[in-house]
Amino acid sequence: MNDSNNSLSHCKWNCKYHIVFAPKYRRQVIYGKIKTDIGQILRKLCTWKGVEIVEAELSPDHVHMLVKIPPKYSVSQFMGYLKGKSTLMIFDKHANLKYKYGRRQFWCDGYYVDTVTYFYGHCFQGGKNFAPLPALLRFMVSKGAFTIIFTPNSVNLREVRVQGF
């Protein structure tokens, strides 16, 4: 996996997102020939937008993708494009699915997105069940990236001042 920064005309960036989305009603339709076609369609659409797929997995009832989205696109803008265009392309390729999905909607509304941070080759993923900041801070202090100065009454991370950035 390449962790180097990408660049646009005025910025360097490394924006990775873990995205999960599912078919309408979580129907278990992503298998066999359809699974292969959906994979090719998603890959093609990401290439057209300049989005790199780092990892992807198609389960029978949902899709996991780890993607690098350029900062010129918001995640919601990219997901609207990806789900909208892929729906049209899937129904063009598999016309029989039109009758199962009313109003030509293949994907359900919404998606899950989380940021992924790589620092010195280690992965720190955010989320409500994981506290990435303390782990990242401990790791960065161990590498000598900066020092932490605790105030006399520091009880939590909000009261900690960080030097070095």
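Worth saying up front: this structure is predicted, and the values here are computed from it rather than measured. (Residues numbered from 1 in each chain as written. Predicted model: local features only at pLDDT ≥ 70, side-chain atom pairs only at ≥ 80, totals over all residues. Heavy atoms only, no water.)

1. What to know about the overall build of the protein
Turning to step 1, where the next piece is worked out: The helix and strand tally for the protein stands at 3 helices and 9 strands.
Turning to step 2, where the next piece is worked out: Each helix and strand of the protein, placed in order from N terminus to C terminus, yields the pattern β-β-β-α-β-β-α-β-β-α-β-β.
Turning to step 3, where the next piece is worked out: Looking at the 165 residues of the protein, the share that counts as buried comes to 36%.
Turning to step 4, where the next piece is worked out: If you take every contact in the protein between residues at least 6 apart in sequence, the share linking residues at least 24 apart comes to 55%.
Turning to step 5, where the next piece is worked out: Just so you have it, the protein exposes about 10,300 Å², and 53% of that area is on carbon and sulfur atoms. (Helix = DSSP H or I, 4+ residues; strand = E, 2+ residues; numbered from the N terminus. Buried < 20%, exposed > 50% of the residue type's maximum accessible area, 1.4 Å probe, protein only. Contact = heavy atoms within 4.5 Å. Areas by Shrake-Rupley, 256 points an atom, 1.4 Å probe, with all protein chains shown as cover.)

2. Some points on the pairing of strand β4 (residues 52-58)
Strand residues, when the strand is regular, have side chains that alternate between the two faces of the sheet.
Turning to step 1, where the next piece is worked out: Bridge count for β4 against strand β5 (residues 63-68) is 6 bridges, and the pairing is antiparallel. Paired with Ile-53 across the two strands is Val-67, which belongs to β5.
Turning to step 2, where the next piece is worked out: In sequence, β4 turns back onto β5 through a hairpin of 4 residues. (Pairing = 2+ DSSP bridges.)

3. A few points about the pattern of salt bridges
Turning to step 1, where the next piece is worked out: If you walk through the whole model with that rule in mind, you get 3 salt bridges.
Turning to step 2, where the next piece is worked out: One salt bridge connects Asp-37 with Lys-93, and the closest N-O pair in it is separated by 3.9 Å. Taken as a pair, Asp-37 in helix α1 (residues 32-49) and Lys-93 in helix α2 (residues 75-93) lie far apart in primary sequence, 56 residues in all. (Salt bridge = Lys/Arg side-chain N within 4 Å of Asp/Glu carboxyl O.)

4. Considering α2
Turning to step 1, where the next piece is worked out: Here α2 is 19 residues long and its end C-alpha atoms lie 26 Å apart, about the 27 Å a rise of 1.5 Å per residue gives.
Turning to step 2, where the next piece is worked out: Among the residues of α2, those classed as buried are Val-75, Phe-78, Met-79, Tyr-81, Leu-82, Lys-83, Ser-86, Thr-87, Ile-90 and Phe-91. (Expected span 1.5 Å × (residues − 1).)

5. Notes on the environment of Gln-105
Turning to step 1, where the next piece is worked out: Here Gln-105 is to be found in the loop between α2 and β6 (112-119).
Turning to step 2, where the next piece is worked out: Measuring from C-alpha to C-alpha, the distance between Gln-105 and Pro-23 comes to 8.6 Å, with 82 residues separating the pair along the chain.
Turning to step 3, where the next piece is worked out: Once residues lying within four places of it in the same chain are set aside, the contact partners of Gln-105 are Lys-24, Thr-87 and Phe-91.
Turning to step 4, where the next piece is worked out: Of the polar contacts made by the side chain of Gln-105, one reaches the side chain of Lys-24; its length is 3.2 Å. (Polar contact = N/O pair within 3.5 Å; in protein donor to acceptor, adjacent residues only side chain to side chain.)

6. Looking at the packing of α1 against α2
Turning to step 1, where the next piece is worked out: Following both chains from N to C, one finds α1 and α2 inclined at 135°, their axes separated by 10 Å at the closest point. In terms of their interaxial angle, α1 and α2 are classed as oblique. Crossing hand, α1 versus α2: right-handed. Together, Asp-37, Ile-38, Gln-40, Ile-41, Leu-42, Lys-44, Leu-45, Cys-46, Trp-48 and Lys-49 of α1 and Phe-78, Tyr-81, Leu-82, Lys-85, Ser-86, Met-89, Ile-90 and Lys-93 of α2 make up the contact between the two elements.
Turning to step 2, where the next piece is worked out: Residue classes in the contact of α1 with α2 are distributed as 11 nonpolar, 2 polar and 5 charged. (Axes fitted to C-alpha atoms, helices over the stretch in contact; angles between N-to-C directions. Parallel < 35°, antiparallel > 145°, perpendicular 65-115°, else oblique. Left-handed = near helix turned anticlockwise from the far one by under 90°. Nonpolar A, V, L, I, M, F, W, Y, C, P; charged D, E, K, R; others polar.)

7. A closer look at the confidence of the model for the protein
Turning to step 1, where the next piece is worked out: Taken residue by residue, the protein gives an average pLDDT of 75. The fraction at 70 or more is 66%.
Turning to step 2, where the next piece is worked out: The low-confidence segment residues 127-132, where pLDDT is below 50, has 5 contacts with residues more than four positions distant or belonging to other chains.
Turning to step 3, where the next piece is worked out: Note on residues 147-165: pLDDT is under 50 here. Beyond four places in sequence and across chains, it has 23 contacts. (pLDDT = per-residue confidence, 0-100.)

8. Some remarks on the nonpolar core
Turning to step 1, where the next piece is worked out: Judged by nonpolar contacts, the single largest core of 28 residues is most densely connected at Phe-21, Ile-38, Ile-69 and Leu-82.
Turning to step 2, where the next piece is worked out: Elements supplying a minimum of two residues to this core: β3 (16-21), α1, β5 and α2.
Turning to step 3, where the next piece is worked out: Setting aside its immediate chain neighbours within four residues, Ile-38 contacts Ile-30, Leu-58, Ile-90, Phe-106 and Trp-107. (Core = buried A, V, L, I, M, F, W, Y, C linked by side-chain atoms within 4.5 Å.)

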